[in-house]
Amino acid sequence: MKNQIMLEAEQIQEELTKWRRELHQIPEIGLNLPKTVAFVTKKLDEMNIEYTVYEESSNIVACIGQGDTCYMIRGDMDALPIEEKTDRGYRSMNPGRMHACGHDGHAAWLIGAAKLLSLTREEWGGCIKFVFQPGEEIGKGADILIGEDKVLEDPPVDMAFAAHGW
């Protein structure tokens with residue numbers, strides 16, 4: 001028998017696909033991702049999830065819950081300087097830029113995780129930080145995330161999870 005969170009995840013599968021396709025159309029490169037940030041923060045606003053946007057880096061850190069333990073889930077959201085050559089209805093609208101590495105999917109599943117975990121926040125203890133990171137493809141995102149934006153602090157992160165690939 002499936003647990004409740006798996007059932008809820010199946011219920012938002014179409015929504016996740018829609019979000020990924022919308023993000024796929026607006027790929028941005030590097031650390032300045034205004035359209036991507038606007039998309040992600042709009043979804044977080046709709047879910048009443050508090051967040052901080054670090055203007056210099058476009059990092060977004062959303063937090064739900066509170067307590068002695070803090071978990072962090074990180075996903076990338078930047079694109080590559082590649083021309084997309086496809087006729088899909090959701091192809092890149094930014095010439096010379098494409099989500100060829102799956103970061104549109106990373107951002108979509110991270111929004112989905114925030115949605116599911118915010119719905120069940122009474123069932124688990126601690127704080128969860130959702131970190132939407134730009135600049136992975138240029139090798140600068142994590143350094144800024146940890147060094148300048150200090151996302152591993154306040155509250156300090158006890159355990160972090162991330163994924164790469166698609």
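Student: Teacher, can you tell me more about the packing of helix α1 (residues 4-11) against helix α4 (residues 103-119) here?
Tutor: The description of two packed helices rests on the angle between their axes and on the distance between the axes. Between α1 and α4, the least distance of the axes is 11 Å, while the angle of their chain directions is 135°. The angle between α1 and α4 falls in the class oblique. Crossing handedness for the pair α1 and α4: right-handed. Contact residues: Ile-5, Glu-8 and Ala-9 in α1; Leu-116, Leu-117 and Leu-119 in α4.

Student: Explain the pattern of salt bridges here, please?
Tutor: Proximity of charged atoms lets side chains of opposite charge pair with each other. Scanning the model with the defined rule gives 5 salt bridges in all. Two residues, Glu-15 and Lys-115, come together in a salt bridge whose shortest N-O distance is 2.7 Å. Of the two residues, Glu-15 sits in helix α2 (residues 13-24) while Lys-115 sits in helix α4, which places them 100 residues apart along the sequence. On the basis of relative accessibility, which here comes to 21%, the residue Lys-115 falls in the partly exposed class. With its nearest N and O atoms 2.4 Å apart, the salt bridge here joins Asp-76 to Arg-74. The exposure class assigned to Arg-74 is buried, which follows from its relative accessible area of 16%.

Student: Quick question: what am I supposed to make of the pairing of strand β1 (residues 50-54) here?
Tutor: Strand residues, when the strand is regular, have side chains that alternate between the two faces of the sheet. Judged from the 5 bridges that link them, β1 and strand β2 (residues 59-66) form a sheet pairing that is antiparallel. In the strand pairing of β2, Glu-50 is matched with Cys-63.

Student: What should I look at first to understand helix α5 (residues 141-148) in this one?
Tutor: Along an α-helix, residues three or four apart share an orientation, since each turn contains 3.6 residues. Along α5, the residues that are buried comprise Gly-141, Ile-144 and Leu-145. Axial view of α5: buried residues confined to an arc of 100°, hence all on one face. If you follow the buried residues of α5, they end up packed against β2, β3 (70-76) and β4 (126-133). Immediately downstream of α5, the backbone of Lys-150 shows phi near 50°, a positive value.

Student: Help me understand the layout of surface pockets in this model?
Tutor: To locate leftover empty space, one rolls a probe as large as a water molecule over the atoms. Estimates place the volume of the largest pocket at around 160 Å³. What lines the largest pocket is a set of 13 residues, among which Tyr-54, Val-61, Lys-129, Glu-153 and Asp-154 lie closest to the centre. Secondary-structure elements contributing two or more residues to the lining of the largest pocket are β1 and β2. Broken down by element, the residue count for the lining of the largest pocket peaks at 4 residues, all from β1. Looking at the lining of the largest pocket, its residues break down into 6 nonpolar, 1 polar and 6 charged.

Student: What is the right way to look at the sheet that holds strand β5 (residues 159-162) in this model?
Tutor: Where strands meet in a sheet, backbone hydrogen bonds hold them as pairs that are either parallel or antiparallel. Read from one edge to the other, the open sheet built from 5 strands follows the order β1-β2-β4-β3-β5, with strand pairing classed as mixed. Each edge of the open sheet is held by one strand with a lone partner, namely β1 and β5. Strand-to-strand twist across the sheet, computed as the mean angle between neighbouring axes with direction ignored, equals 20°. Pairing between β2 and β4: 7 bridges, direction antiparallel. Note that in β4 the partner of Ala-62 across the bridge is Phe-130. Along the sheet face, α5 touches β2, β3 and β4 and points at about 140° away from the line of β4.

Student: Just checking my understanding: could you explain the nonpolar core for this structure?
Tutor: Most often, soluble globular proteins have nonpolar side chains that are buried together. Counting residues in each nonpolar core, the largest one holds 25 residues, and the members touching the most others are Leu-44, Ile-49, Ile-60, Met-77, Ile-111, Phe-130 and Phe-132. Of all elements in the fold, only α2, α3 (34-46), β2, α4 and β4 reach the threshold of two or more residues within this core. The leading source of residues in this core is α4, at 7 residues. Residues within four places of Phe-130 in sequence aside, it is in contact with Ile-60, Val-61, Ala-62, Ile-64, Ile-73, Leu-110, Ala-113, Ala-114 and Leu-117.

The rules we used
In every chain, residue numbers begin from 1 and rise along the written sequence. Totals for whole chains, interfaces and linings use every residue, but because this is a predicted model, local features are given only for residues with pLDDT of at least 70 and side-chain atom pairs only at 80 or more, for both listing and counting. The basis for every side-chain value is the complete set of non-hydrogen atoms in the structure, without hydrogens or water. To get an axis, fit a line to the C-alpha atoms, keeping to the stretch in contact for a helix; angles then go from 0 to 180 degrees between the N-to-C directions. Helix and strand assignments follow DSSP, with helices taken as H or I runs no shorter than four residues and strands as E runs no shorter than two, numbered in order from the N terminus. Working definition: roughly parallel below 35 degrees, roughly antiparallel above 145 degrees, roughly perpendicular at 65 to 115 degrees, and oblique for all remaining angles. Handedness of a crossing is defined here by the sense of rotation of the near helix relative to the far one, left-handed for an anticlockwise turn of less than a right angle and right-handed for a clockwise turn. Contacts are assigned to residue pairs that have any heavy atoms within 4.5 Å of one another. The salt bridge criterion pairs a side-chain nitrogen of Lys or Arg with a carboxyl oxygen of Asp or Glu, the two atoms within 4 Å. Three exposure classes are used, based on accessible area relative to the maximum for each residue type with a 1.4 Å probe and protein chains only: buried under 20%, partly exposed in between, and exposed over 50%. Any two strands with at least two DSSP-identified bridges between them are counted as paired. Arc, as used here, means the arc of the directions from the helix axis to the C-beta atoms. Points on a 1 Å grid over protein atoms alone make up a cavity when a 1.4 Å probe fits among them but cannot get out, and a pocket when they form an open set with protein on both sides within 12 Å along at least five of seven lines; lining residues each have an atom within 4 Å of a point. Grid points are joined across faces, edges and corners, and a volume is the space filled by probe spheres set on the points. Residues are grouped as follows: nonpolar covers Ala, Val, Leu, Ile, Met, Phe, Trp, Tyr, Cys and Pro; charged covers Asp, Glu, Lys and Arg; every other residue, Gly included, is treated as polar. Nonpolar core, defined: a set of buried Ala, Val, Leu, Ile, Met, Phe, Trp, Tyr and Cys residues in which side-chain atoms within 4.5 Å join the residues together.

What is shown is where atoms sit, not what they do.
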